Amino acid sequence: MTADLAFGPEFRWGVSTSAYQIEGAVAEGGRGPSTWDTFCAEPGRILNGDTGAVACDHYHRYAEDVALMRELGVDTYRFSFSWPRIQPSGSGPGNAAGLDFYDRLIDTLLGAGIQPAPTLYHWDTPQPLEDAGGWLSRSITDRFADYAEILAARFADRVPMWITINEPMVITLMGYSLGAHAPGRSLMFDALPVAHHQLLAHGRAVQALRASGASNIGIASNHAPTWPASDSVEDKEAAGLYDNLINWLFADPVLLGTYPSGFEAAMPGPVSDDLAVISTPLDFFGINHYAPVSVGAATGQADTVATDGILLPPGLPFEPRSLEGYPQTDFGWPVVPAAFGEILRIFKDRYGDRLPPIYITENGCSVGDGPVDGVVADQRRIDYLDGYLRSLRQAMDDGVDVRGYFQWSLLDNFEWAAGYSQRFGLVHVDFDTQVRTPKASYHWLSDVIAQSRVR
Ligand code: PNW
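Keep in mind the model is a prediction, meaning the values are calculated, not measured.

A closer look at the side chain of R85
One can find R85 in helix α4 (residues 83-86). Polar side-chain contacts of R85 include one of 3.2 Å to the backbone oxygen of A25. Excluding residues within four positions of it along the chain, R85 makes contact with E23, G24, A25, E28, R31, Y59, N95, G98, F101 and Y102.

Structural data, given as structure tokens:
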């Protein structure tokens, strides 16, 4: 059954998580407030009024969670540092208790034979930095470089793989353009400087990490094929614009040192020196992928939605359309395995020799099945992973250099605006008791990993 899923002994297998989505303990160890604490406290922002205050209580249960990873058989764990644990006010020296927590986590991982692959920033900005303008302010790039230096000074001796920023597109779009994520700003196209400042912070962090002894550095950027809703010139133009906004606005500056045509003028000030920093060569490029998008020209109908059911205001030059004829995850995202290989081939064609090795830094689906008699029969997640892994294997056979696959996510966790309603885990979490129950997909992936390695 898994004969096509052989990736060889060198291929890296991992799971991914992020700090705010699993740690909880938001008031412990001297952690300062983050934009997500603030956002969750605002009525109506998060489904059911959920917050990450407890989440999976991973801050206290990390050893149990590492044991689950070891049993699963992964060799890599992608997690994120909580910036407000390391720098509670967003600047100044590292907070000892925060650094100590990640020391314990990293040493436990290494003891279990699992390579830590931390992300510096997965959306939880220290609130004082947001109060000073957040990603709209260029000064945050200085703060981010300082933060990177603190982390490398402490952990470079034991951390063999580093990721700067998770999904600058989602922060720009959901956080500052549409207001669906923290900090809840609805600036539409005035959010574009957020993209530039994150990209510059990424480049500054790559340089700061290297200067402090870290190596093997990349980014985790989410990408998806953008399919025109029809062959009409109008739909193709609209899809092309959308494609630039969600994909190339973020990947071109990093990999080519240029913005897609027309975007540079929207950025704050002259950016050519910044682009040289942004395109500092990387050791790998991390791609998060979930589902393709279909986009057509505006029809003037008010009910158009971006992914996750977020309403878009009228007057935009494009409209995301729902993709009919595919199975859907519980989030309503279409399950289209072929799109995974497609986006990887698009990267190879677009960037050629400029493209470093790729890691899949996230891929997975929300499937809500809970335990029945202690068994979670999440066959739909198995089907998803089976299809997507086959598509990945095909892209590699077609010449795309992919070195590893990190599944999202180890645990059911706090799924941002959807709270605890969407379950992405290989392991079920009962959020009342914190009991963890490995799902059928966990056992399935464990077999795939074990068999893949010997082929
Ligand atoms: C990613 N979109 O979020 C994040 O990196 C994770 O923290 C999150 O839990 C996971 O995917 C599942 O949602 C995304 O609108 C959020 O295209 C939104 C989009 C993509 C990824």
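That shown, we press on.
Some remarks on the UniProt feature "binding site: substrate" (unreviewed entry) in the protein chain
The sites that carry the UniProt feature "binding site: substrate" (unreviewed entry) are, in the present numbering, Q21, H122, N166, Y290, W408, E415 and W416. Here W408 is to be found in strand β12 (residues 402-408). Following the sequence through the fold, E415 ends up in the loop between β12 and β13 (427-429). Those residues in contact with E415 that sit more than four places away from it in its chain are Q21, F331, W408, Q422 and F424.

What about the packing of helix α8 (residues 168-177) against helix α9 (residues 192-211)?
Direction vectors running N to C along α8 and α9 enclose 150°, while the axes themselves pass 9 Å from each other. Taken as axis vectors, α8 and α9 run roughly antiparallel relative to one another. Once α8 is placed against α9, the crossing between them reads as right-handed. Only V194, A195 and Q198 of α9 make contact with α8, whose side of the interface consists of P168, I171, T172 and Y176. Grouping the constituent residues of the contact of α8 with α9 by class yields five nonpolar, two polar and no charged.

Things to note about the UniProt feature "active site" (unreviewed entry) in the protein chain
Cross-referencing UniProt, the feature "active site" (unreviewed entry) maps to E167 and E362 in the present numbering. Spanning 196 residues, the named residues nonetheless gather at one spot, since no C-alpha pair among them exceeds 10.4 Å. You can see E362 is positioned in strand β11 (residues 358-362). Classification of E362 as buried rests on a relative accessible area of 3%. When sequence neighbours within four positions are dropped, the list of residues in contact with E362 reads S16, R78, H122, N166, E167, I287, N288, H289, Y290, F406 and W408.

Remarks on the sheet that holds strand β9 (residues 293-297)
Strand order in this open sheet of three strands is β7-β9-β10, and the pairing throughout is mixed. Bordering the open sheet on either side are β7 (226-228) and β10 (318-321), each of which pairs with just one other strand. Between one strand axis and the next, the sheet turns by 40° as a mean value, whatever way the strands run. In terms of strand pairing, β9 meets β10 through four bridges, oriented antiparallel. Considered in β10, the bridge of G296 is made with E319. Set on the sheet, helix α10 (residues 233-255) makes contact with β7, β9 and β10; between it and β9 the angle comes to about 130°.

Conventions used here
Residues numbered from 1 in each chain as written. Predicted model: local features only at pLDDT ≥ 70, side-chain atom pairs only at ≥ 80, totals over all residues. Heavy atoms only, no water. Helix = DSSP H or I, 4+ residues; strand = E, 2+ residues; numbered from the N terminus. Polar contact = N/O pair within 3.5 Å; in protein donor to acceptor, adjacent residues only side chain to side chain. Contact = heavy atoms within 4.5 Å. UniProt positions renumbered as here; feature names shortened; annotations may be inferred. Axes fitted to C-alpha atoms, helices over the stretch in contact; angles between N-to-C directions. Parallel < 35°, antiparallel > 145°, perpendicular 65-115°, else oblique. Left-handed = near helix turned anticlockwise from the far one by under 90°. Nonpolar A, V, L, I, M, F, W, Y, C, P; charged D, E, K, R; others polar. Buried < 20%, exposed > 50% of the residue type's maximum accessible area, 1.4 Å probe, protein only. Pairing = 2+ DSSP bridges.

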